[in-house]
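Structure assessment
In case you want the letters, here they are:
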Amino acid sequence: MVLIGAVRDYVNRMLQDISGMKVLILDSKTVSAVSVAYSQSELLQKEVFLVELVDSISMSKEAMSHLKAVYFVRPTSENIQLIRRQLATPRFGEYHLFFSNILKDTQIHILADSDEHEVVQQVQEVYADFIAVDPCHFALNITSNHFYMLPVAFDPSNLQQYCDRIVDGIAAVFLALKQRPIIRYQRTSDIAKRIAQETAKLTYQQESGLFDFRRNEVSPLLLVLDRRDDPVTPLLNQWTYQAMVHELLGLQDNKVDLRSMGNIPKDQQEIVLSSEQDAFFRGNMYKNFGEIGMNIKSMVDEFQQVAKSNQNIQTIEDMAKFVDNYPEYRKMHGNISKHVTLVAEMSKIVEERKLMLISETEQELACNGGQGAAFEAVTNLINDESVSDIDGLRLVMLYALRYEKESPVQLMQLINKLSSKSPKYKTGLVKFLLKQAGIDKRTGDLYGNRDLLNIARNMARGLKGVENVYTQHQPLLFQTMESITKGRLRDVDYPIVGNHFPQSRLQDVVLFIVGGTTFEESRSVALQNATNSGIRFILGGTTILNSKRFLKDLEEAQRLVRSSTTVV
């Protein structure tokens, strides 16, 4: 409940102390923050009868003085100006202004000067400037996510905005947790270092008083990482439920949009997948695809038993019992239909794209050695006409990341084969990936072949065998958490910002990945937290990636670098 609980507490606080009928006014970011933590029915219970966006509400002139306006928006200059204009001709009886992060003094003065009609009842900061996707996983939903790959000199002003948004989001998480962190970062990443230093400046200097919670507890750790240290995880196909839904269908703010699929019933064209609101999903989100199928079948069998007993209505008492249980019956039916639809759609995609065959090679490339066999397997798949361009591209990228030094000639053969097969193939994208995230750029032991401990672990794992060939990969983040838990995170690779050092054993760690997280990594965090090691890990990032989004960011960064004449 950690992060979702924090956001829910803030929303409760905003709504429950304001009596009467309300309109909740959000912006494009806070609408995501509220929607993942709060359902529409819960908002109705708090007497919220209308939800509007701050920029669209400006267009309406209709007076609604019987409603009290509760604004919950980011403290951006655009939002402040919109509110200023709306206060000039107030449409609502009262205005309660809540901002998702720290307000500047100048912004407070603008709001005060704008309230000529004296309709503003309160102005408050509530620190929910992040999207709490799961209890220990948050995202910032930054649209220009590719900026972390660009050189500093490329676009200083937009890069600064990108960094500011990240620092704001991280600050809000720690204010929500009521903690001030010790900060470390990945040494080989300039952007991670910059984010770490700017977060330290905000929390220890500019807003020192705000972060001074005067507790005797152990300070948490913020570790700022760069996505490019593990480019393998976002390139892989996924076989556990939540990660697979995002990879194949897309999961945005815990919603799956199936409108483009065709033949989907209207009530299932947008499906909500929330671990807070759906008990079946909560129990199965980290299970593999085979287990999901069996568990859905069990749920269907259980429902058929309930349906059969409901058909046997013979007395008034039976009828009354059925009516009492009907909402639960409907809910159960809707939930089963939802999961059956998702699994059926994913099964179709898996079959059409030959993903089981492709994924076996992907896992071999990510987890095991054997360059010759890998080259042959990738070549055969690229030559297969039924293998899609994007799957061919991912396979060549995974091969390139693993064997860039070992087999440059054969790598060029694969790149040429891929580009000749597909006119859509973006020439140079594989090389651009290596320039961004090749072996010379990475800090961690991505393939477990640099560190003696990791080599021994991989050998032991190989001797034991693998339970499931499709889910044998572990993200680099797993090793990072293991190093933190055992107190082995090297200062030389992950320096500390300033002179703020941990005083004793850590209890809370926030791992923030600039460039985005994956649901495979959030699963690793959840499984690690379940071991009760004494440390609670929270994962956050600029966005939540699947392979499509990762490649899109890579393409956009490459396009901008190429089109720039100033960057050499």
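A brief structural summary. (Residues numbered from 1 in each chain as written. Predicted model: local features only at pLDDT ≥ 70, side-chain atom pairs only at ≥ 80, totals over all residues. Heavy atoms only, no water.)

Another aspect to go through is a nonpolar patch on the surface. Taken together, the side chains of M21, L44 and F49 present a nonpolar region at the surface, about 290 Å² in accessible area. Within the element layout of this structure, M21 appears in the loop between α1 (2-16) and β1 (22-26). For M21, a relative accessible area of 38% translates into the label partly exposed. (Patch = residues over 30% accessible without salt bridge, like charges linked within 9 Å, V, L, I, M, F, W, Y side chains within 5 Å. Areas by Shrake-Rupley, 256 points an atom, 1.4 Å probe, with all protein chains shown as cover. Salt bridge = Lys/Arg side-chain N within 4 Å of Asp/Glu carboxyl O. Helix = DSSP H or I, 4+ residues; strand = E, 2+ residues; numbered from the N terminus. Buried < 20%, exposed > 50% of the residue type's maximum accessible area, 1.4 Å probe, protein only.)

Either a parallel or an antiparallel arrangement is found when strands of a sheet pair, and the pairing is made through backbone hydrogen bonds. In spatial order, the strands read β2-β1-β3-β4-β5; together these five strands make up an open sheet with parallel pairing. Here the strands that pair on one side only, and so sit at the sheet edges, are β2 (48-53) and β5 (120-125). The mean angle between the axes of side-by-side strands here comes to 20°, regardless of whether they run parallel or antiparallel. In terms of strand pairing, strand β4 (residues 92-99) meets β5 through five bridges, oriented parallel. Residue pairing for β5: F99 is matched across the bridge by E125. Together, β1, β2, β3 (64-73) and β4 form the strand contacts of α1, whose direction differs from that of β3 by roughly 155°. Where helix α5 (residues 77-88) meets the sheet, it contacts β3, β4 and β5, and its direction lies at approximately 165° from that of β4. (Pairing = 2+ DSSP bridges. Axes fitted to C-alpha atoms, helices over the stretch in contact; angles between N-to-C directions. Contact = heavy atoms within 4.5 Å.)

This next bit is on the packing of aromatic side chains. In this structure the tally under the stated criterion is ten aromatic pairs. Between W239 and Y470 the ring centres are 5.3 Å apart and the planes differ by 50°, which places this aromatic pair in the tilted class. Here Y470 lies in the loop between α18 (452-464) and α19 (476-485) and W239 lies in the loop between β9 (221-226) and α9 (241-248), a separation of 231 residues in the sequence. Cluster of aromatic residues (ring-pair linked, three or more members): Y71, F92 and Y95. (Phe/Tyr/Trp six-rings, centres within 6.5 Å; stacked < 30°, edge-to-face > 60°.)

So, on to unusual backbone geometry. The backbone of K178 sits at a positive phi, close to 55°, despite the residue not being glycine. Even without being glycine, N532 reaches a positive phi, approximately 55°. Following the sequence through the fold, N532 ends up in the loop between α20 (519-530) and β13 (536-541). Owing to a relative accessible area of 68%, N532 belongs among the exposed residues under this scheme.

Let us look at helix α8 (residues 190-206). In this model, α8 (17 residues) spans 22 Å end to end at C-alpha, consistent with the 24 Å of a helix rising 1.5 Å per residue. When α8 is considered as a whole, its buried residues turn out to be I191, A192, R194, I195, A196, T199, A200, L202 and T203. Those residues of α8 that are buried are in contact with α7 (156-177), β8 (182-185), β9 and β12 (508-514). (Expected span 1.5 Å × (residues − 1).)

With twelve residues, α5 ought to run about 16 Å at 1.5 Å a step, and its terminal C-alpha atoms sit 17 Å apart, in line with that. Those residues of α5 that are buried are in contact with α4 (54-57), β3, β4, α6 (105-114) and β5.

Now for the sheet that holds β12. Taken together, the six strands give an open sheet; going across it, the order is β6-β7-β13-β12-β9-β8, and neighbouring strands pair in mixed fashion. Only two strands of the sheet have a single neighbouring strand rather than two, namely β6 (131-134) and β8. Between one strand axis and the next, the sheet turns through 25° on average, direction left out of account. Alignment of β6 against strand β7 (residues 137-139), held across three bridges, turns out to be antiparallel. For I131, the partnering residue across the bridge sits in β7 and is A139. Running at roughly 170° to β8, α8 makes contact with β8, β9 and β12 of the sheet. In the packing of α20 onto the sheet, contacts are made with β6, β7, β12 and β13, and the angle to β13 comes to roughly 165°.

Okay, the packing of α9 against α20 next. Here α9 crosses α20 at 170°, and the two axes come no closer than 8 Å. Taken together, α9 and α20 sit at an angle that is classed as roughly antiparallel. Judged by residue contacts, Q242, A243 and H246 of α9 engage F519, E520 and S522 from α20. When its residues are assigned to classes, the contact of α9 with α20 shows two nonpolar, three polar and one charged. (Parallel < 35°, antiparallel > 145°, perpendicular 65-115°, else oblique. Nonpolar A, V, L, I, M, F, W, Y, C, P; charged D, E, K, R; others polar.)

The subject of this paragraph is the packing of helix α14 (residues 371-383) against helix α15 (residues 389-403). Closest axis-to-axis distance for the α14/α15 pair is 10 Å, and the angle between their directions is 165°. Here α15 runs roughly antiparallel to α14, going by the angle between their axes. Between α14 and α15 lies a crossing whose hand is left-handed. Contacts between α14 and α15 involve Q371, A374, F375, V378, L381 and I382 on the former and, on the latter, L395, V396, Y399 and Y403. Across the contact of α14 with α15, the residue classes tally to nine nonpolar, one polar and no charged. (Left-handed = near helix turned anticlockwise from the far one by under 90°.)

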